[in-house]
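Each chain, letter by letter, is given below.
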There are 2 protein chains.
Amino acid sequence: MRYNGNGVIEAETAGSLMKKEFITIQTTSTVDEAIMHLRETVGEMKNIHYLYIINEFDGLVGALSIRELLSANGSKPVTEVMVKKLSTFTADKDQEKVARIFQDTDLVSIPVVNRQNVILGVVHVEDILDVMQQEATEDIHKMASVTTAPPALEGGLMDATVGLLYRKRIVWLVILVFMNVFSGAGIAHFEDIIEANIALVFFLPLLVDSGGNAGSQSATLVIRAMAIGDVKIRDWFKMFTKEITVAAAMGFTMALAVSVVGVVRGGVDIAIVVALTMALIVVVGSVVGMSLPFIFKKLKLDPATASAPLITSLCDIVGVLIYFGIAAWFLNL
Amino acid sequence: MRYNGNGVIEAETAGSLMKKEFITIQTTSTVDEAIMHLRETVGEMKNIHYLYIINEFDGLVGALSIRELLSANGSKPVTEVMVKKLSTFTADKDQEKVARIFQDTDLVSIPVVNRQNVILGVVHVEDILDVMQQEATEDIHKMASVTTAPPALEGGLMDATVGLLYRKRIVWLVILVFMNVFSGAGIAHFEDIIEANIALVFFLPLLVDSGGNAGSQSATLVIRAMAIGDVKIRDWFKMFTKEITVAAAMGFTMALAVSVVGVVRGGVDIAIVVALTMALIVVVGSVVGMSLPFIFKKLKLDPATASAPLITSLCDIVGVLIYFGIAAWFLNL
């Protein structure tokens, strides 16, 4: 946390990324005067790509790239050639949004201004490369249920201590153990039918896994699409209808595949139970996987919390209920 | 595929990223002449940050940033102030490596040269932002068993057709169905002991899931660390010893957690079987998850192929064998 005279600068914001070196010129200057000022001032400064034009209150009114400066007519006032419509950041802008704006524009530097529009510093695109890597790593870790609260692990896996790795992984692992107790509760509920049809247990991991796999795919696709700005909360229904269709097609295909195994292993009755279960588990798993990121986002949580392990555990619980529910119904007909 | 006179330019390389606009100056020029040439030539060209100095054979011998140009003494020959030690790319350099080099240096543009060291074009850092996003998306999709072969999905999840989504997801889902048959085979092998101790089935999803969760975490951490250049193949042993330690600690913690449930649900004998299984499953799952990316990389495959669904399915098979194996041994004592 560093004070900038206007308040505290938080980490992972435009304020924490900006560099304090930049060159300004008064609105009263001509292009030639600006070039001369540039040549006198730039010295050892790095990453000077633009000249910023300020008024008598130090307020930012325009910018000129060095290229534009050099190709303009020397006697013109800078105000005639400068770009007036500028992208700027406030110091508290989240670095993920900063990176998104750099991606959408062709700028190599964007100034950070305060409420009086005075320049505090400049964010450079070279620093955004590290931001993008950091943000992607954070999402990837979240999606595997590795805790991303500080201290950061992106510092380097090779340097991370055993203690740090333990703390970042154990939290969700234990939570999921207790969540998975519910799948056990589902099994307990159907213990009689399992005992009467032991062949059913053969297919249990295969079926619940398929639901979890399909769900993980859905969740991953949605989370990443949200992260790169491709999908918004309002897109839920359109995604839902597409997901149901894809999942139905996948469920049908996988039901066919597994019914072959079912017939060989347990006979036609078991094959029917298994095929019906597979189709339904894949559809339900996909819808769960697709919807969770939207739900988390709606609750103002990070959608990446809808990790593969979480989806898989939920699909286990649901899968057990679907499987033995269908078995109980069908085999008792 | 486009011809550049020297051969074919493939997609996702330095050659496909480069822009053809750049400004060169002869070694015989002075700084003042260079600035004048710059002012005359730059016109509407975008992203001109450096001037490239070439000899009489058009070979690249040095570069000057516009800043360095403007702050230098006007009458000096450019050869005296230019930077001679330059980063360059060949046109076939993979875009992932190009991005890594931009991250490691402070440059905003890097020239692409041919074998005679003649400049073919320039890669700009603003274009690397899109490359990084694309590469991260590709890895994330692979890690959820979504096929990444063209046509690309990063084009936009909202625009992807049902057919495309189906094709990209069904491949691995079906492969994993048949892989999961082996977990069923493991269960079939132990059918007698399951029938005699139905309470064991209660814990089956919980235990194999925990192995898969721990394994997914390990695989994810290693794959990402490899992608950002943090971990290399030769680091396997150091990672292995760290992983065994972390996994043992996690396994112990989770065994404690689950033994509480075990005592309540099935009595002390079942609790011991379940706790032993949990500890072993977590260690084995973690080691499998950590090692697979190394194995894939050694086989010249993308380490990201060691996806969460794949790891989970492997851990299912292994978990079933461990669980019922321990049960068979312990309960028959």
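Basis of the calculations
- Residues numbered from 1 in each chain as written.
- Chains lettered and ligands numbered in written order.
- Predicted model: local features only at pLDDT ≥ 70, side-chain atom pairs only at ≥ 80, totals over all residues.
- Heavy atoms only, no water.
- Salt bridge = Lys/Arg side-chain N within 4 Å of Asp/Glu carboxyl O.
- Helix = DSSP H or I, 4+ residues; strand = E, 2+ residues; numbered from the N terminus.
- Buried < 20%, exposed > 50% of the residue type's maximum accessible area, 1.4 Å probe, protein only.
- Phe/Tyr/Trp six-rings, centres within 6.5 Å; stacked < 30°, edge-to-face > 60°.
- Expected span 1.5 Å × (residues − 1).
- Contact = heavy atoms within 4.5 Å.
- Buried area = accessible area lost by both parts, 1.4 Å probe.
- Polar contact = N/O pair within 3.5 Å; in protein donor to acceptor, adjacent residues only side chain to side chain.
- Nonpolar A, V, L, I, M, F, W, Y, C, P; charged D, E, K, R; others polar.
- UniProt positions renumbered as here; feature names shortened; annotations may be inferred.
- Pairing = 2+ DSSP bridges.
- Axes fitted to C-alpha atoms, helices over the stretch in contact; angles between N-to-C directions.
- Least-squares fit on C-alpha atoms with pLDDT ≥ 70 in both.

Participant: Help me out: how do you make sense of the pattern of salt bridges in this one?
Facilitator: Once the charged atoms of two side chains with opposite charge are near each other, the side chains can pair. Counted under the stated rule, the structure contains 15 salt bridges over all chains. Between Asp32 of chain B and Arg39 of chain A there is a salt bridge, with its nearest N and O atoms 3.9 Å apart. With one member in each of two chains, Asp32 of chain B in helix 2 (residues 31-41) and Arg39 of chain A in helix 2 (residues 31-41) form a pair that bridges those chains. By relative accessible area, which is 27% here, Arg39 of chain A ends up partly exposed. The salt bridge partner of Arg169 of chain A is Glu243 of chain B, with a shortest N-O separation of 3.0 Å. With one member in each of two chains, Arg169 of chain A in helix 7 (residues 162-189) and Glu243 of chain B in helix 10 (residues 236-266) form a pair that bridges those chains. According to the relative accessible area criterion, Arg169 of chain A is buried, its value standing at 1%.

Participant: Teacher, can you tell me more about the packing of aromatic side chains here?
Facilitator: Aromatic rings in a pair are described by how distant their centres are and how their planes are angled relative to each other. Residues and elements named next belong to chain A. For the structure on display, the rule yields 18 aromatic pairs over all chains. Relative to Phe240, the ring of Phe237 has its centre 6.4 Å away and its plane inclined at 25°; by these criteria the two rings are stacked. With Phe237 and Phe240 both in helix 10 (residues 236-266), this residue pair falls 3 residues apart, about one helical turn. Taking relative accessible area as the criterion, Phe240 reaches 22% and is therefore assigned partly exposed. Taken together, the ring pairs connect Phe190, Tyr323 and Phe324 into an aromatic cluster.

Participant: Before we go on, may I ask you to explain helix 12 (residues 308-331) of chain B in this structure?
Facilitator: The periodicity of an α-helix, 3.6 residues per turn, causes residues three or four places apart in sequence to face the same way. Its 24 residues place the ends of helix 12 of chain B 33 Å apart at the C-alpha level, agreeing with the 34 Å of an ideal helix rising 1.5 Å per residue. In terms of residue burial, helix 12 of chain B counts as a mostly covered element, since 18 of its 24 residues are buried.

Participant: Can you walk me through the interface of chain A and chain B in this structure?
Facilitator: Many descriptions give the size of an interface as the accessible area lost when the pieces come together. Contacts between the two partners involve 109 residues from chain A and, on the opposite side, 109 residues from chain B. Roughly 9,600 Å² is buried in total at the junction of chain A and chain B, and carbon and sulfur atoms are behind 68% of that figure. Along the contact surface separating chain A from chain B lie 6 salt bridges. Between Glu191 of chain B and Arg265 of chain A there is a salt bridge, and its shortest N-O distance comes to 3.0 Å. Linking chain A with chain B are 40 residue pairs in polar contact (both at pLDDT 80 or more). Per element, the largest residue contribution to the side of chain A that touches chain B is 18 residues, and it comes from helix 9 (residues 199-227) of chain A. For the side of chain A that touches chain B, a count of residues per class yields 63 nonpolar, 25 polar and 21 charged.

Participant: What should I look at first to understand the environment of Asp139 of chain B in this one?
Facilitator: Residues and elements named next belong to chain B. Here Asp139 lies in helix 6 (residues 125-142). You can call Asp139 buried: its relative accessible area is 11%. In contact with Asp139, other than residues within four places in its own chain, are Ala227, Asp302 and Ala304.

Participant: Help me understand the UniProt feature "transmembrane region" (unreviewed entry) in chain A, please; the structure alone is not making it clear to me.
Facilitator: All names here are of chain A. Residues annotated by UniProt as "transmembrane region" (unreviewed entry) correspond here to residues 170-190, 244-264, 270-296 and 308-331. End-to-end, the C-alpha atoms of residues 270-296 are 38 Å apart, and along that stretch the chain is 100% helix and 0% strand. With 100% helix and 0% strand, the stretch residues 308-331 has end C-alpha atoms that lie 33 Å from each other.

Participant: Just checking my understanding: could you explain the environment of Ile193 of chain A for this structure?
Facilitator: All names here are of chain A. Position of Ile193 relative to the elements: it lies in helix 8 (residues 191-196). Along the chain, Ile193 and Glu126 lie 67 residues apart, while their C-alpha atoms are 63 Å from each other. Not counting the four nearest positions on each side in its chain, Ile193 is found in contact with Leu200, Ala327, Ala328 and Asn332.

Participant: For this particular structure, what's the right way to read the sheet that holds strand 3 (residues 24-26) of chain B?
Facilitator: For sheets, the rule is that strands pair by backbone hydrogen bonds, running either parallel or antiparallel. Residue and element names in this part refer to chain B. Strand order across the open sheet formed by 3 strands is 3-4-5, with mixed pairing between neighbours. Two strands close off the open sheet at either side, each with one partner strand: strand 3 and strand 5 (60-65). Within this sheet the neighbouring strands show an average axis-to-axis angle of 30°, counted without direction. Pairing of strand 3 with strand 4 (residues 50-54), which is carried by 3 bridges, proceeds in the parallel orientation. The residue bridging Gln26 from the neighbouring strand is Ile54, located in strand 4. Sheet contacts for helix 2: strand 3 and strand 4; angle to strand 3, the most-contacted strand, approximately 145°.

Participant: Just to check I follow, could you spell out the sheet that holds strand 3 (residues 24-26) of chain A for this structure?
Facilitator: All names here are of chain A. Spatially, 3-4-5 is the arrangement adopted by the 3 strands of the open sheet, whose pairing is mixed. The open sheet has two edge strands, strand 3 and strand 5 (60-65), and neither has a second partner. Averaged over all pairs of adjacent strands, the angle between strand axes in this sheet comes to 30°, irrespective of strand direction.

Participant: How do you make sense of the relation of the copies chain A and chain B when you look at a structure like this?
Facilitator: Comparison of the two chain copies shows a relationship of rotation about an axis with a shift along it. Once turned by 180° and shifted 0.0 Å along the axis, chain A lies on chain B with an RMSD of 0.2 Å. Given the turn and translation reported, the copies of this chain are related as if by a two-fold rotation axis.

Participant: What's the story with the pairing of strand 6 (residues 109-113) of chain A in this structure? I'm lost.
Facilitator: Residue and element names in this part refer to chain A. Burial runs high along strand 6: 5 of the 5 residues are buried. On strand 6, burial covers both faces: Ser109, Pro111 and Val113 on one face and Ile110 and Val112 on the other are all buried. Counted along the chain from strand 6 to the antiparallel partner strand 7 (residues 119-124), the turn is 5 residues long, and its residue Asn117 has a positive phi close to 65°.

Participant: Sorry, what's going on with the side chain of Ser313 of chain B here?
Facilitator: Within the secondary structure, Ser313 of chain B sits in helix 12. Side-chain polar atoms of Ser313 of chain B contact the side chain of Asn180 of chain B, separated by 3.4 Å. In this structure Ser313 of chain B touches Asp209 and Asn213 of chain A together with Leu176, Met179 and Asn180 of chain B, once residues within four positions along its chain are discounted.

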